[in-house]
Amino acid sequence: MICGSAAGVAAAFRAPVGGVLFALEEAASWWRSALWWRTFFTTAVVAIVLRAAIQLYATRKCGLFGEGGLIMYDVGSSQGNIQRRRRTSSNTIGGHWRSSWN
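Residues numbered from 1 in each chain as written. Predicted model: local features only at pLDDT ≥ 70, side-chain atom pairs only at ≥ 80, totals over all residues. Heavy atoms only, no water.

The name an unreviewed UniProt entry gives the chain is Chloride channel protein, with Arachis hypogaea as the organism. Quoted verbatim from the Subcellular location (unreviewed entry) field of the UniProt record, the comment on the chain reads "Membrane". (UniProt positions renumbered as here; feature names shortened; annotations may be inferred.)

**Q** Explanation requested: the overall build of the chain in the structure shown.
**A** When its secondary structure is counted, the chain shows five helices and zero strands. Listing the helices and strands of the chain from first to last along the sequence gives α-α-α-α-α. By the burial criterion, 16% of the 102 residues in the chain qualify as buried. The long-range share in the chain, meaning contacts at least 24 apart out of those at least 6 apart in sequence, stands at 37%. Per element, the accessible surface of the chain, about 7900 Å² overall, is 62% carbon and sulfur. (Helix = DSSP H or I, 4+ residues; strand = E, 2+ residues; numbered from the N terminus. Buried < 20%, exposed > 50% of the residue type's maximum accessible area, 1.4 Å probe, protein only. Contact = heavy atoms within 4.5 Å. Areas by Shrake-Rupley, 256 points an atom, 1.4 Å probe, with all protein chains shown as cover.)

**Q** What should I look at first to understand the UniProt feature "transmembrane region" (unreviewed entry) in the chain in this one?
**A** In the UniProt entry, the feature "transmembrane region" (unreviewed entry) is given for residues 35-54. Counting secondary structure, residues 35-54 comes out at 100% helix and 0% strand; the distance between its end C-alpha atoms is 28 Å.

**Q** I'm lost on the nonpolar core in this one. Help?
**A** As a rule of thumb, soluble globular proteins bury nonpolar side chains together. Counting five residues, the largest nonpolar core is built from I2, A6, A23, A28 and L35. With near-sequence residues (within four places) excluded, L35 lies in contact with I2 and W30. (Core = buried A, V, L, I, M, F, W, Y, C linked by side-chain atoms within 4.5 Å.)

**Q** Could you clarify how one ought to interpret unusual backbone geometry in this entry?
**A** Excluding glycine, a negative phi dihedral is what most residues carry, and trans is how most peptide bonds are arranged. Positive phi is not limited to glycine here, since R14 has a value of about 55°. By the secondary structure assignment, R14 is in the loop between α1 (2-13) and α2 (16-27). Judged by relative accessible area, which is 59%, R14 ranks as exposed.

**Q** Honestly, the side chain of T43 in this entry has me stumped. Any pointers?
**A** Looking at the secondary structure, you find T43 in helix α3 (residues 33-58). Separated by 3.5 Å, the side chain of T43 and the backbone oxygen of P16 make a polar contact. Only 2.9 Å separates the side chain of T43 from the backbone oxygen of F40, close enough to count as a polar contact. (Polar contact = N/O pair within 3.5 Å; in protein donor to acceptor, adjacent residues only side chain to side chain.)

**Q** What is the right way to look at the side chain of T39 in this model?
**A** For T39, the location among the structural elements is in helix α3. T39 has contacts with I2, C3, A6, V20, A23 and W31, leaving out every residue within four places of it along the chain.

Given below as structure tokens:
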């Protein structure tokens, strides 16, 4: 869990050391040097994969991902109402199914 939270922060802010510090401050109830190195390695891998993904998306050979960057905010113009309804119902069913595991 600690490495996952560090990886998420590192990917969101493109800051591997920031991810490690977040995990140290917020997620860990105890800390040891082996965990420090595992977390740092995880965030370093995230930084490398994110850099490669951004460079790949910059070539504009990835469909809609190449248009606006890594995250697409405006995709409403290319989707019809039927697709939107299918996606919404699929997400709703998936959310309810996943919540039944908790």
